[in-house]
Each structure stands twice: as C-alpha cells, then as structure tokens.
Amino acid sequence: MAKIIAVANQKGGVGKTTTAVNLSSALAQKNKRVLVVDVDPQGNTTSGLGIDKKAVEYTIYDILVNGVEPEKAISDVEYFNMKIIPANIDLAGAEIELVGIEQREYRIKNALDKLSDKFDYIIVDCPPSLGLVTVNALSAVDSVIIPVQCEYYALEGIAQLTNTINLIKKAYNPKIEIEGVLMTMFDGRTNLSIQVVEEVRKVFGKKVYKTLIPRNVRLSEAPGFGEPINVFDKHSTGALAYDKLADEVIKS
C-alpha cells in the first residue's frame, strides 16, 4: 500500500510545486515506486516533469468529472521510472462541474485507492486555494507536507492550512495528519531566515523537517527544462537538500 502525501499550502509562491516535483524525483531515485498526482490547474508539476500537458489524452480532470479509470490517466515520466497523473487548464472548470456529482468529495480518493498497491508513494500537488478540488485531494491522503517560505507572515499561512486540515479531518478524512513542515527558500546569511525557522520550530517542534531547502538558482531554472533538480543539476545545493528530505520522509 502506498503512503499518500499531499503537498499543500493555501499561500502561493512557497515552493509547493518545486517540492512536489523534486521530492518525488528524489524518492524515485532511491528506487521507490512513485506516482505524482497533479491537482493544480496550472499543471506546473506536469510540465516540470517533462510532460506536454496539451498532448496528454487523459488528466485528473477526466477522473474527477468524467469518471475515467485512473489507470488510463497515468503517463510515464522519463526519469527514474516515475509515473504521473497530469493536470491542465481543463481542471479550472471542475469546481462547478463537481457540484452536482454524488460523493463529489471522494472522487480522487476512490481513484487512488485503486492504484495504492502499485506504488510506494503517491505525491499529490494541491492547488493554492480551498475549493472542491482541494477538498478532494485532502480527503484522499494520509498526510500533508506544508512548504513554508522563510519570510514574514510564514506562520499566518500555516495557521490557515492547519485550520483547513482540521476541518477536513472532522468532515471527510479522520486519518489525515501533518506529515511535516518544510522550510523553503532558506538563506542562512540573513537573520530573517534563521528567525523564521526558529519561530516555526517553536510552534511545530519535531514536525519541522531538519532539512532546509535553500534559495538556489538551479532549482528555479530546472522547470524551464522539464527536469527535476536531481536530473538538471544533481550536484547543486537544491538537489542535495531534496535528497536529504527524501531520506527524512522514508524514515518517518
């Protein structure tokens, strides 16, 4: 059975998609069977793994709205024997179309239940908003990784998501937990980054990963080439950080 982990934060620009892509790739490089599920209409995780989101036959939208069998929506990723259920802009209309569908909050859960025994990890990249699509994603997972940018107001964003997770736990998914809090865009030369990490650790304690994801130009460049960082530049500080994060996730 796969461990199903969402990467989520209602605040944009915190490294959510970067984490979904590069944690998945780091896990796969360690010979884990990994399925990435892109649940963001922007489809950045899809393109970040080298998939042409306009060319795929089926996406997560088809699973959600049209009831397509999940196996049909899986695409092969070129790197490390990974798989992906892609997303594209079609997903933007799913919020409205889901309203009249029975058991609408569990469409992704029902799909992933059929795939769980084929993978070790299923990583779900959530949209930076709270709607029926995000509720679907969070209802399907065992736990959530929360990426947090090392900046002012970091805790504010976590508080919002923590409230959302608690609501999902009560209403739809009693098993959901916080897998971990991941500090991103860390710059050890600035007092701000160090202070933010200290503040978040005061609140979340051991839930905060020891691994800090640094500000790294190569991490920013890799998506433009459709490659995860451990393919684009395996010796970069970003690649080494996500490799360490994968070790922490495996041990947890």
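None of these values were measured; they are calculated from a predicted model.

The subject of this paragraph is the overall build of the chain. Helix and strand counts for the chain stand at eleven helices and eight strands. The globule rule puts the C-alpha radius of gyration for 252 residues at 18 Å, and the 17 Å found for the chain is close to it. Along the first, second and third principal axes, the C-alpha set of the chain runs to 50 × 40 × 30 Å. For the chain, the proportion of its 252 residues judged to be buried stands at 55%. A separation of at least 24 residues holds for 77% of the contacts in the chain among residues at least 6 apart in sequence. In the chain, 29 side chains carry a positive charge and 32 a negative one; their mean positions are 6 Å apart.

Take helix H1 (residues 16-29) next. Helix length check: H1 (14 residues) gives 20 Å between terminal C-alpha atoms against 20 Å at 1.5 Å per residue, within 8%. Those residues of H1 that fall on the buried side of the exposure criterion are Lys 16, Thr 17, Thr 19, Ala 20, Val 21, Asn 22, Leu 23, Ser 24, Ser 25, Ala 26, Leu 27 and Ala 28. Asn 31 lies just past H1 and shows a positive phi near 65°.

Spatially, S3-S4-S2-S5-S1-S6-S7-S8 is the arrangement adopted by the eight strands of the open sheet, whose pairing is mixed. Because the sheet does not close on itself, it has two edges, and the strands there are strand S3 (75-76) and strand S8 (208-214). Across three bridges, the pairing between strand S7 (residues 177-186) and S8 is parallel. Its bridge partner being in S8, Met 183 is matched across the sheet by Leu 212.

Here we take up the pairing of strand S5 (residues 121-125). Extensive coverage of S5 is indicated by the burial of five of its five residues. In S5, alternate side chains face the same way, and those of Tyr 121, Ile 123 and Asp 125 on one face and Ile 122 and Val 124 on the other are all buried. For strand S2 (residues 34-38) and S5, the ladder comprises five bridges, and the chain directions are parallel. Paired with Val 36 across the bridge in S5 is Ile 123.

Right, let's get into the environment of Ala 2. Following the sequence through the fold, Ala 2 ends up in the segment before strand S1 (3-7). On the basis of relative accessibility, which here comes to 9%, the residue Ala 2 falls in the buried class. It is 5.2 Å that separates the C-alpha atoms of Ala 2 and Phe 119, two residues lying 117 residues apart in sequence. Excluding its chain neighbours within four sequence positions, the residues that come into contact with Ala 2 are Ser 116, Phe 119, Asp 120, Tyr 121, Ile 122 and Asp 142.

Cut-offs applied
Residues numbered from 1 in each chain as written. Predicted model: local features only at pLDDT ≥ 70, side-chain atom pairs only at ≥ 80, totals over all residues. Heavy atoms only, no water. Helix = DSSP H or I, 4+ residues; strand = E, 2+ residues; numbered from the N terminus. Rg over C-alpha atoms; globule rule 2.2 N^0.38 Å. Buried < 20%, exposed > 50% of the residue type's maximum accessible area, 1.4 Å probe, protein only. Contact = heavy atoms within 4.5 Å. Lys, Arg positive; Asp, Glu negative; His and termini not counted. Charge placed at Lys NZ, Arg CZ, Asp CG, Glu CD. Expected span 1.5 Å × (residues − 1). Pairing = 2+ DSSP bridges.

From the geometry alone we can't say anything about function, so treat these as descriptive.
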